[in-house]
Amino acid sequence: MGNYKRTIIITGGAGFIGSHVVRLMVNKYPDYHIINLDKLTYAGNLANLADVESKPNYTFVRADICDYEAVSRVIRDNAADGIIHLAAESHVDRSIVDPFTFARTNVMGTLTLLQSAREYWESLPGGYEGKLFYHISTDEVYGALAMTHPGGVPSPVSAHVAYGDQFFTEESKLDPHSPYSASKASSEHFVRAFHDTYGMPVIVTNCSNNYGPYQFPEKLIPLLINNIRHRRPLPVYGKGENVRDWLYVEDHACAIDTIFHHGRPAETYNIGGFNEWRNIDIVRLVIRTTDRLLGRREDEDMGLITFVTDRKGHDLRYAIDSRKLQRELGWQPSLQFEEGIVRTVRWYLDNQAWMDNVTSGDYMNYYDRMYGRR
Ligand code: NAD
Ligand code: DAU
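Residues numbered from 1 in each chain as written. Chains lettered and ligands numbered in written order. Predicted model: local features only at pLDDT ≥ 70, side-chain atom pairs only at ≥ 80, totals over all residues. Heavy atoms only, no water.

Per an unreviewed UniProt entry, the protein is named dTDP-glucose 4,6-dehydratase, and its organism is Candidatus Avibacteroides avistercoris. Quoted straight from UniProt, the Cofactor (unreviewed entry) entry for the protein says "NAD(+)". Regarding the protein, the relevant UniProt record gives this comment under Sequence similarities (unreviewed entry): "Belongs to the NAD(P)-dependent epimerase/dehydratase family. dTDP-glucose dehydratase subfamily." (UniProt positions renumbered as here; feature names shortened; annotations may be inferred.)

This is the structure in structure tokens:
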């Protein structure tokens, strides 16, 4: 295909993280052909890629990763030598309502991609030489960590605060609790099985919670910003004490680029920001930041906080130890969380048309039917 040095298929490139990975790759590597393979579910939005869609080294293909014929054709016809696999159903609350869709896309879709890539790569004279299947996974597959320090203490592994003594490392066993994390854990097992059984070069990375532009507003941070703007209630599950480790999405995209090019096949790398926050503290930070940027009195909207029924099986704490990635490949998160939140809130307020588009019509009807409380 053309005179490109490499051809990489990025699945799920029209989604939140995928669009940042596509943008980075298309702009940074004009000698690579970047193919975005995406089904365009409710979470996929080509508007996320408007700034790269006319670049000569970018191609969009609408396909379902569960469609074996279509996926095989895209891999073979384009002589793909790398796959960065992000396509997935990604929202925990939806997985609690509809687990089948998660098993179909996340498990069967991943298996379909693996099998299609295997058949093509094994048909080549050089076999797997120069090929890579890079699977994007999540810290949620490791389960939940205890909260031994509910008030927070200095972290033993970074300069930040920690709410417990333990961290997820690459050696932590997979112990998923939600249908979403169970489906992601299952897909990881298939990826490693293709390495162990067929010798396919694979890499798996497990990342913590991402935030930043283009995130679908069913996820906590964009949901808060949009609801504050409209002065709607801000639903906080349980007591808001659950802890997540947050990473700016462009830092995740940079890590993926680094690992795709320099990671060791058959390895797992954890990616995280060493940035633990209790949900309630994030809610307050986002209210203060949004109010300030909207020209309202800071704290004016604190009264919108509404404690609601907890998520079923809600994991208490996630905290990623990403020192292997820092040590071996020199990657570091570039942005402080407070700075990243200002950048993120500003982006959503500057791009209200994007938000209004994804929260209009069908989406809102679907959302109301599913959750009945927004
Ligand atoms: P997202 O929901 O924003 O986007 C998912 C994309 O996949 C969408 O463009 C959608 O159209 C596409 N897709 C869904 N089903 C498909 C199918 N059957 N065939 C082809 N395309 C399909 O997701 P995200 O938050 O960007 O997450 C991307 C990946 O990163 C996922 O694998 C997720 O598990 C993982 N991850 C996410 C986070 C996070 O905080 N968002 C953290 C760690 C890992
Ligand atoms: O840890 C990585 C994971 O992070 C990814 O694998 C998932 O794809 C991604 O969706 C995210 O999962 P979470 O469940 O942690 O993200 P979410 O934004 O849905 O919720 C963050 C926290 O906020 C969680 O403890 C639940 C809580 N929450 C969420 C929503 C949507 C609320 O309190 N209220 C809400 O309305």
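We are not done yet, so read on.
A. Spatial organisation of the pattern of salt bridges. Summed over the entire model, instances satisfying the criterion amount to 24 salt bridges. Put simply, R264 and E267 hold a salt bridge, and the shortest N to O gap is 3.5 Å. Across the pair R278 and D281 runs a salt bridge whose closest N-O atoms are separated by 2.9 Å. Residue classification places R278 among the partly exposed positions, given a relative accessible area of 21%. (Salt bridge = Lys/Arg side-chain N within 4 Å of Asp/Glu carboxyl O. Buried < 20%, exposed > 50% of the residue type's maximum accessible area, 1.4 Å probe, protein only.)

B. Structural context of helix α2 (residues 68-77). Within α2, the full set of buried residues consists of A70, V71, S72, V74 and I75. Check the buried side of α2 and you find it contacts β1 (6-11), β2 (32-38), β3 (58-62), β4 (82-85) and α4 (99-122). A79 sits one or two positions beyond α2 and adopts a positive phi of about 50°. (Helix = DSSP H or I, 4+ residues; strand = E, 2+ residues; numbered from the N terminus. Contact = heavy atoms within 4.5 Å.)

C. Representation of empty space enclosed by the protein in the model. Under the definition given, this model contains five cavities of 30 Å³ or more. Put simply, the second largest cavity is a space of about 70 Å³. What lines the second largest cavity is V92, I96, E140, S178, R244, R311, K312, G313, H314, D315 and Y318. Residues that form the lining of the second largest cavity fall into these classes: three nonpolar, three polar and five charged. (1 Å grid on protein atoms, 1.4 Å probe; cavity = no way out; pocket = protein on both sides within 12 Å on 5 of 7 lines; lining within 4 Å. Points joined across faces, edges and corners; volume = space filled by probe spheres on them. Nonpolar A, V, L, I, M, F, W, Y, C, P; charged D, E, K, R; others polar.)

D. A look at the confidence of the model for the protein. Residues with a pLDDT of 70 or more make up 96% of the protein, whose mean pLDDT is 95. The secondary structure element of the protein with the lowest average pLDDT is helix α12 (residues 361-371), at 55, and the one with the highest is strand β5 (residues 132-138), at 99. (pLDDT = per-residue confidence, 0-100.)

E. The site of ligand 2, seen in detail. Ligand 2 sits among 23 residues. The nearest are T138, D139, Y180, R311 and H314. A distance of 2.5 Å separates an oxygen atom of ligand 2 from a polar atom in the side chain of D139. Here an oxygen atom of ligand 2 and a side-chain polar atom of R311 are 2.6 Å apart. Against a free-state accessible area of 690 Å², the protein chains account for coverage of 94% of ligand 2. Looking at the shell around ligand 2 residue by residue, the class counts come to eight nonpolar, eight polar and seven charged. (Near = heavy atom within 4 Å. Polar contact = N/O pair within 3.5 Å; in protein donor to acceptor, adjacent residues only side chain to side chain. Areas by Shrake-Rupley, 256 points an atom, 1.4 Å probe, with all protein chains shown as cover.)

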